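Tertiary structure, described
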Amino acid sequence: MTDAGELRRRTHELLAAHPPATTDRLDFLRARFDAGLAWVHYPEGLGGLGAPRSLQAVVDEELAAAGAPDNDPRRIGIGLGMAAPTVLRYGTDEQKARFLRPLWTGEEVWCQLFSEPGAGSDLAALGTRAVRDGDSWVIDGQKVWTSSAHLARWAILIARTDPDAPKHAGITYFICDMTDPGVEVRPLRQITGEAEFNEVFLTGVRIPDSHRLGEVGDGWRVAQTTLMNERVSIGGMRLPREGGMIGPVAKTWRERPELRSHDLHQRLLKLWIEAEVSRLTAERLRQQLNAGQPGYEGSGMKLAFARLNQEISGLEVELRGEEGLLYDDWTMRRPELVDFTGRDAGYRYLRSKGNSIEGGTSEVLLNIVAERVLGLPAEPRTDKDVPWKDLAR
């Protein structure tokens, strides 16, 4: 399937059989998935047609013009951007058939149980244990900074199955049922006032071996697929010109001439250019994805995303003067989606502080870019071959 005309024909058939104006939203999304028009580059039967990824835009444009509903991608971004590519690459046929359709339609929200309070930025040092018990695994531990855990039906989880192996070798990857009675989700209130993140406690959680992704002890390799896709989904999102953080500050500059100064003008010009270069680079990165799996270049895009968001939001607060010190609402709430650019200037400024932590800290990503993209010598790692149980903690 490489023909844009054929994709348009199939899209028109979908619209004729399921008119958006009279079809239930969920019924339409299910029909779209079954027609192979959800993500066209996925295999047939799994929401796709085996078409080039670039042809997705053909389908999306036709559906948008017809007023068709989307699957609210910001709400289910972890499922779409992280869980789905990992399930597709490492899942069994049964796992793909069970999880991908309700994931894409948004019927089942996903979260990511990776980070831990005791591991810091060294994800491979995680201590959550998974112990085999017949056809199941019993999980005990704690995860942190988990977006959407309060909404999630499923989670992608990595846990330690062999403490005698070096830290990268003793990890296994699972799909965790968030409704298990041993799963406890507690809100983590952030500097914004919201509790977008959570901490998750796992006590005697049972996961059937049929919900394992990849081989036992091969979880670190599986997790790399998740992490690379995560960084592309954060740093390489598709934006129009002046999309993202640069949009509100450019709008304020045009509408409020009394706030302007020469220094602010120079800084805005610099950041506007950098934002546009980053946007176009992200477009090029997405085109490279047509040829296969994401590479480590996504780490560089995520680095740029975090730095630009923080610099642009800081400029916006400064541009607004006293208004920039105001904050609209400190009410504690647990939002249903991650919104980097919503609300007012104060929210954008505070929320952007997390951009250099989530999805891999900027310090870790700098190492990845240096070693995996630029080919520079790796930093000495004296603990790489030491059994996890013997590491200092």
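Scroll up for the structure.
With respect to the overall build of the protein
Each helix and strand counted, the protein has eleven helices and eight strands in total. Taken over C-alpha atoms, the radius of gyration comes to 22 Å for the protein, in line with the 21 Å a tight globule of 393 residues would show. Judged by the C-alpha coordinates and their principal axes, the protein covers about 70 × 55 × 45 Å. The 393 residues of the protein split such that 51% are buried. Pairs at least 24 apart in sequence give 71% of the contacts found in the protein among residues at least 6 apart.

Quick word on the environment of Arg 189
Tracing the backbone through its elements, the reader meets Arg 189 in the loop between strand E6 (183-188) and strand E7 (197-208). The spatial distance from the C-alpha of Arg 189 to the C-alpha of Arg 333 is 8.6 Å, given a sequence separation of 144 residues. A distance of 2.8 Å separates the side chain of Arg 189 from the backbone oxygen of Gly 193, its partner in a polar contact. Among the polar contacts listed, one links the side chain of Arg 189 to the backbone oxygen of Trp 330, at a separation of 2.4 Å.

Structural notes on the pattern of salt bridges
Considering all chains together, one arrives at 41 salt bridges under this definition. The salt bridge partner of Arg 343 is Asp 328, with a shortest N-O separation of 2.8 Å. Taken as a pair, Arg 343 in the loop between helix H9 (297-320) and helix H10 (345-351) and Asp 328 in the loop between H9 and H10 lie far apart in primary sequence, 15 residues in all. Here the salt bridges do not stand alone but share partners, grouping Arg 256, Glu 258, Glu 316, Arg 320, Glu 323 and Arg 348 into one network.

Focus on the nonpolar core
If you look at the biggest cluster of nonpolar residues, it comprises 33 residues, and the most contacted ones within it are Trp 39, Leu 100, Trp 110, Phe 114, Ile 158 and Tyr 173. Ignoring sequence-local partners within four residues, the contact set of Leu 100 consists of Phe 33, Trp 39, Tyr 42, Leu 46, Ala 84, Val 87 and Gln 95.

Overview of the environment of Trp 137
By secondary structure assignment, the location of Trp 137 is in strand E3 (residues 136-143). When near neighbours in sequence (up to four residues on either side) are disregarded, Trp 137 contacts Ala 130, Val 131, Arg 132, Thr 161, Phe 174, Val 205, Arg 206, Ile 207, Asp 209, Arg 212 and Val 216. Within the structure, the side chain of Trp 137 is placed 2.8 Å from the side chain of Asp 209, a separation counted as a polar contact.

The rules behind each value
Residues numbered from 1 in each chain as written. Predicted model: local features only at pLDDT ≥ 70, side-chain atom pairs only at ≥ 80, totals over all residues. Heavy atoms only, no water. Helix = DSSP H or I, 4+ residues; strand = E, 2+ residues; numbered from the N terminus. Rg over C-alpha atoms; globule rule 2.2 N^0.38 Å. Buried < 20%, exposed > 50% of the residue type's maximum accessible area, 1.4 Å probe, protein only. Contact = heavy atoms within 4.5 Å. Polar contact = N/O pair within 3.5 Å; in protein donor to acceptor, adjacent residues only side chain to side chain. Salt bridge = Lys/Arg side-chain N within 4 Å of Asp/Glu carboxyl O. Core = buried A, V, L, I, M, F, W, Y, C linked by side-chain atoms within 4.5 Å.

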